[in-house]
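The lines below spell out each chain.
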Amino acid sequence: MARMSAEERRESVIRAAMHEFARGGYYGTSTAAIAERVGVSQPYLFRLFPNKQAMFLAAAERCMRDTREVFAEAGEGLQGEEATKAMANAYTRLIAEDPDKLQMQLQMYVTVAAAEAAGDHELGELVRKGWMELWDTVHVPFGGDAKETTTFMAYGMLINTLAAMGFPPEHRVWEGLYPEAQSKGRLEK
């Protein structure tokens, strides 16, 4: 079996960190759990990342990047209603196929709120930057229309909330969403 390079090991730490932080949040996740998931010692983990916050930041950045890439691929070459449906369906599939993406997003928002309240703005700056990159990614297919972009992002946050609360697909709260979003992804049971 070939030995992993430091970069490959770093990637495995980011994936493990995203999974662990998605499940336990920043404050409820130990670096020992991340090291165990990767199969390395904690001292090795800290050779790759200086501290727990750096691991969380890397996981948050990866989560936002992956989500942004899903939007970009789905909306490529499309505009308006066509782009809306394609990106909504792609996002719904993403959180269905990889629930850690949704959970990590929710944990990011909670952690940013706690950090900001404590006067720590580094995490908030990174997450806000990532969120604005998401905004810009969907803003283009809407022809730069801020209202359309706001509406799309608002629906996305609604989908996050409803999916996180476990509303079943047949529940009436889903009725206002696109029919495709009602029957795709996490909503399929």
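> What am I meant to see in the packing of aromatic side chains here?
Centre distance and the angle of the planes are the two values used to describe a pair of aromatic rings. Counting across every chain of the model gives 7 aromatic pairs. Their ring planes at 80° and their centres at 5.2 Å tell us that Tyr-26 and Phe-56 sit as a pair that is edge-to-face. Of this pair, Tyr-26 sits in the loop between α1 (6–24) and α2 (31–38) while Phe-56 sits in helix α4 (residues 52–75), placing them 30 residues apart in sequence. Like Phe-56, Tyr-26 is buried. Three or more aromatic residues link up through ring pairs in this structure, and these residues are Phe-21, Tyr-26, Tyr-27 and Phe-56.

> Would you take a moment to explain the packing of α1 against helix α6 (residues 99–117) for this structure?
A pair of packed helices is characterised by two quantities: the angle between their axes and the separation of those axes. Two elements in contact, α1 and α6, have axes whose closest approach is 8 Å; the angle formed by their N-to-C orientations is 65°. As α1 packs across α6, the resulting crossing turns out to be left-handed. On the side of α1, the interface is formed by Met-18, His-19, Phe-21, Ala-22, Arg-23 and Gly-24, while α6 contributes Asp-100, Lys-101, Gln-103, Met-104 and Gln-107. Looking at the contact of α1 with α6 residue by residue, the class counts come to 4 nonpolar, 4 polar and 3 charged.

About the thresholds
- Residues numbered from 1 in each chain as written.
- Predicted model: local features only at pLDDT ≥ 70, side-chain atom pairs only at ≥ 80, totals over all residues.
- Heavy atoms only, no water.
- Phe/Tyr/Trp six-rings, centres within 6.5 Å; stacked < 30°, edge-to-face > 60°.
- Helix = DSSP H or I, 4+ residues; strand = E, 2+ residues; numbered from the N terminus.
- Buried < 20%, exposed > 50% of the residue type's maximum accessible area, 1.4 Å probe, protein only.
- Axes fitted to C-alpha atoms, helices over the stretch in contact; angles between N-to-C directions.
- Left-handed = near helix turned anticlockwise from the far one by under 90°.
- Contact = heavy atoms within 4.5 Å.
- Nonpolar A, V, L, I, M, F, W, Y, C, P; charged D, E, K, R; others polar.

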